[in-house]
Amino acid sequence: MFYKALMLLALGSLSAHGASVCPATAPAGAWGLEYQVSASQSGAEPRQVQLLRRGAQTALYSPEHQMAEWWHFEDPKRPGFSRVFDQQQRRIDYYMGDLRALGVQAQQEEVESFAARHLLGQLTKQGSSPCEHAERYQGEINGVSYDLLWSPVLAAPLAIVTRKGEVERRWQADKLLGKDAVNARFATWQRYRETDFADIGDMENDPFLAKMINQGFIEHREHAVYNDQGQPLATGHSH
């Protein structure tokens, strides 16, 4: 889903208690942040999510699922988007018309900040911070208590903890990724076999596309039904 990772942050319940990463200056060129994501009641091991930035390009990458959402804001009024699948070495490219048809509106500052920048105007800035190069914001929004550690030089969150009732969710940046690693990741994705989203309707015999549509990783404008292996189900009467 578009904004799947972003909306978990914006709608979930995310208190920042320290900073493993807190740069005084922004890295030159490409860079990234690796976050540990955990929930108090899930019982699961923390998951990793990476925010990758290079110029007008931003990606959200899940090492666990080997999938990414890759945004291109070279023209902010006409952003491009790619959904990347590492394991299959495939990429689905969406253009402005596709995003408009799907009702997707992306704001560059929100994508670049893990959907956290808008929180700055709704939370209260605190007088102290666990890191001299970061700002701390706290408050409550729609019944969710937020504690945000924000890096002005990166324009990105270093830590977010939210609480609602007994549930606490935590995003903690624990590694700053260098330009070589980020550039290599983008270069690898650029070499993958690409498919324009607008052409998917003519390619439903492609097992990979059918399976990804069935599992909800690729939006589809036309009605289609697939089994759990991503194979189209026959319709109509058999004789």
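Residues numbered from 1 in each chain as written. Predicted model: local features only at pLDDT ≥ 70, side-chain atom pairs only at ≥ 80, totals over all residues. Heavy atoms only, no water.

Let us now look at the sheet that holds strand 1 (residues 31-39). Pairing within the open sheet is mixed, and its 12 strands lie in the order 7-8-9-10-11-1-2-3-4-5-6-12. Strands with a single pairing partner mark the edges of an open sheet, and in this sheet they are strand 7 (124-125) and strand 12 (193-196). Across two bridges, the pairing between strand 7 and strand 8 (residues 135-141) is antiparallel. Within strand 8, the position partnered with K125 by the bridge is Y137. The sheet strands contacting helix 4 (residues 179-191) are strand 1, strand 2 (47-54), strand 3 (57-62), strand 4 (67-72), strand 5 (80-85), strand 6 (90-94), strand 11 (167-177) and strand 12, and the helix crosses strand 2 at an angle near 90°. Across the sheet, helix 5 (residues 207-214) lies against strand 5, strand 6 and strand 12, angled at about 65° from strand 6, the strand it touches most. (Pairing = 2+ DSSP bridges. Helix = DSSP H or I, 4+ residues; strand = E, 2+ residues; numbered from the N terminus. Contact = heavy atoms within 4.5 Å. Axes fitted to C-alpha atoms, helices over the stretch in contact; angles between N-to-C directions.)

Moving on: unusual backbone geometry. Located in the positive-phi region is N142, a residue other than glycine, with phi close to 50°. By relative accessible area, which is 73% here, N142 ends up exposed. (Buried < 20%, exposed > 50% of the residue type's maximum accessible area, 1.4 Å probe, protein only.)

A complete count under the given rule lists one disulfide for this structure. Two residues, C22 and C131, share a disulfide whose sulfurs are 1.5 Å apart. Classification of the bridge connecting C22 and C131 rests on its S-S torsion, roughly -85°, and on that basis the disulfide is left-handed. In this pair, C22 sits in the loop between helix 1 (4-11) and strand 1 while C131 sits in the loop between strand 7 and strand 8, placing the two residues 109 residues apart along the sequence. By relative accessible area, C131 is classed as buried at 8%. (Disulfide = S-S within 2.5 Å.)

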